[in-house]
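Take a look at the letters that make up each chain.
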Amino acid sequence: MLRNLAIAGLLAAATGAAFAQANTPGVDQRQLNQERRIEQGERSGALTAREVNRLEAGQARVERMEDRAKSDGAVTRAERA
């Protein structure tokens with residue numbers, strides 16, 4: 001029973017993520033690439049903890065802007081830029 005609930009939850013999350021990506025696939029891919037680069041820099045020691053925090057805050061800002069752009073159900077060219 002618990003396993004079925006977990007699977008249902010994962011499917012719901014994947015469906016939601018797929019829907020979100022359908023609206024702004026370019027932005028989503030760029031965000032993913034940036035997160036990977038930040039994690040790589042953190043692991044390698046190329047970035048300090050302060051730099052990681054600053055970069056992650058910037059990523060969160062972009063995500064909030066994306067959410068705002070999607071809030072009315074359409075993302076305009078200006079919002080994409």
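Only a predicted model underlies this, so the values are computations on that prediction, with no experimental measurement involved. (Residues numbered from 1 in each chain as written. Predicted model: local features only at pLDDT ≥ 70, side-chain atom pairs only at ≥ 80, totals over all residues. Heavy atoms only, no water.)

### Concerning the confidence of the model for the protein
- Residues of the protein with pLDDT of at least 70 account for 73%, and the chain-wide mean is 80.
- Under a pLDDT of 50 for its full length, residues 17-22 has, in the predicted model, three contacts with residues more than four places off or in other chains. (pLDDT = per-residue confidence, 0-100. Contact = heavy atoms within 4.5 Å.)

### Details of the packing of helix 2 (residues 25-44) against helix 3 (residues 49-70)
- Running from N to C, helix 2 and helix 3 point in directions that differ by 170 degrees, and their axes come no closer than 11 Å. As far as their axial angle goes, helix 3 and helix 2 are roughly antiparallel. When you trace helix 2 past helix 3, the crossing you get is left-handed. Between helix 2, through Val27, Asp28, Gln31, Gln34, Glu35, Ile38 and Glu42, and helix 3, the contact on the second element is made entirely by Val52, Leu55, Glu56, Gln59, Val62, Glu63, Glu66 and Lys70.
- Here the contact of helix 2 with helix 3 is composed, by residue class, of five nonpolar, three polar and seven charged. (Axes fitted to C-alpha atoms, helices over the stretch in contact; angles between N-to-C directions. Helix = DSSP H or I, 4+ residues; strand = E, 2+ residues; numbered from the N terminus. Parallel < 35°, antiparallel > 145°, perpendicular 65-115°, else oblique. Left-handed = near helix turned anticlockwise from the far one by under 90°. Nonpolar A, V, L, I, M, F, W, Y, C, P; charged D, E, K, R; others polar.)

### Examining the pattern of salt bridges
- Here the structure, examined in full by the defined rule, presents one salt bridge.
- Lys70 is paired through a salt bridge with Glu66; the nearest N and O atoms lie 3.3 Å apart. Of this pair, Lys70 and Glu66 both sit in helix 3, four residues apart, which is roughly one turn of the helix. This pair shows no difference in class: Lys70 is buried, exactly as Glu66 is. (Salt bridge = Lys/Arg side-chain N within 4 Å of Asp/Glu carboxyl O. Buried < 20%, exposed > 50% of the residue type's maximum accessible area, 1.4 Å probe, protein only.)

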